Amino acid sequence: LQRNPFDADGLEQLLEAIEVADPAHPPYGVDVRLWRRTCTLAEALADALAGDEQPDADVAQQAAADLHDLLRPFI
C-alpha cells in the first residue's frame, strides 16, 4: 500500500488484520508500545483508504510508510 494505496488485495489483507488485532493484547513476545503503535498506524491507513470520506492517497502512503519503517526491523 505504500507504493499503490489503491491495491485491492493489500487493502483487503489490511482490513482482515485489523479485524483480528487487539491493541490491548499484543502477540506473545511483542512489546505493548510497539503493538499499539502498529495498530494505530494500521487503523489510520485503513481510514485513509476505506473511511467514510473519499480515499486520501497521500495520507495513506504516509501511514503505510510509517508502518513499514516501524516494522522493518522485525520483518
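Rules behind the numbers
- Residues numbered from 1 in each chain as written.
- Predicted model: local features only at pLDDT ≥ 70, side-chain atom pairs only at ≥ 80, totals over all residues.
- Heavy atoms only, no water.
- Helix = DSSP H or I, 4+ residues; strand = E, 2+ residues; numbered from the N terminus.
- Buried < 20%, exposed > 50% of the residue type's maximum accessible area, 1.4 Å probe, protein only.
- Contact = heavy atoms within 4.5 Å.
- Patch = residues over 30% accessible without salt bridge, like charges linked within 9 Å, V, L, I, M, F, W, Y side chains within 5 Å.
- Areas by Shrake-Rupley, 256 points an atom, 1.4 Å probe, with all protein chains shown as cover.
- Salt bridge = Lys/Arg side-chain N within 4 Å of Asp/Glu carboxyl O.
- Lys, Arg positive; Asp, Glu negative; His and termini not counted.
- Charge placed at Lys NZ, Arg CZ, Asp CG, Glu CD.
- Polar contact = N/O pair within 3.5 Å; in protein donor to acceptor, adjacent residues only side chain to side chain.
- Core = buried A, V, L, I, M, F, W, Y, C linked by side-chain atoms within 4.5 Å.
- Axes fitted to C-alpha atoms, helices over the stretch in contact; angles between N-to-C directions.
- Parallel < 35°, antiparallel > 145°, perpendicular 65-115°, else oblique.
- Left-handed = near helix turned anticlockwise from the far one by under 90°.

Asks: Explanation requested: the environment of Pro26 in the structure shown.
Replies: With respect to the helices, strands and loops of the structure, Pro26 is situated in the loop between α1 (8–20) and α2 (32–50). Pro26 sits in the partly exposed class, given a relative accessible area of 23%. Distance from Pro26 to Phe74, taken between C-alpha atoms, is 14 Å for residues 48 residues apart in sequence. Contact partners of Pro26, with chain neighbours within four places excluded, come to Val32 and Trp35.

Asks: Help me understand a negative patch on the surface, please; the structure alone is not making it clear to me.
Replies: Residues Asp7, Asp9, Glu12, Glu16 and Glu19 make up a contiguous surface patch of negative charge. Secondary-structure assignment places Asp9 in helix α1. Residue classification places Asp9 among the exposed positions, given a relative accessible area of 52%.

Asks: Would you explain the pattern of salt bridges in this entry?
Replies: Pairing of side chains with opposite charge becomes possible as their charged atoms draw close. Applying the stated criterion across every chain yields a total of one salt bridge. The residue Asp31 makes a salt bridge to Arg33 at a minimum N-O spacing of 3.5 Å. Classification of Arg33 as exposed rests on a relative accessible area of 67%.

Asks: Would you take a moment to explain the side chain of Thr38 for this structure?
Replies: Relative to the elements of secondary structure, Thr38 occurs in helix α2. A distance of 2.8 Å separates a polar side-chain atom of Thr38 from the backbone oxygen of Leu34. When neighbours within four sequence positions are excluded, Thr38 is seen to be in contact with Leu67, Leu70 and Leu71.

Asks: Explain the nonpolar core here, please?
Replies: When a protein is soluble and globular, its nonpolar side chains tend to lie buried together. With eleven residues, the main nonpolar core is built from Leu11, Leu14, Ile18, Ala42, Leu45, Ala46, Ala48, Leu49, Ala60, Ala63 and Ala64. Only α1, α2 and α3 (57–71) provide two or more residues apiece to this core. The element best represented in this core is α2, accounting for five residues. Not counting the four nearest positions on each side in its chain, Ala46 is found in contact with Leu14, Leu15, Ile18 and Gly51.

Asks: I tried to follow the packing of α1 against α2 on my own but got confused; where do I start?
Replies: Geometry of a packed helix pair, given as the angle between the helix axes and the separation of the axes. Contact pair α1 / α2: the axes reach a minimum separation of 10 Å and the direction vectors enclose 130°. The angle between the axes of α1 and α2 places the two elements in the oblique class. Here α1 and α2 pass one another in a crossing that is left-handed. Note on element contacts: α2 touches α1 through Ala42, Glu43, Leu45, Ala46 and Leu49, opposite Leu11, Leu14, Leu15 and Ile18.

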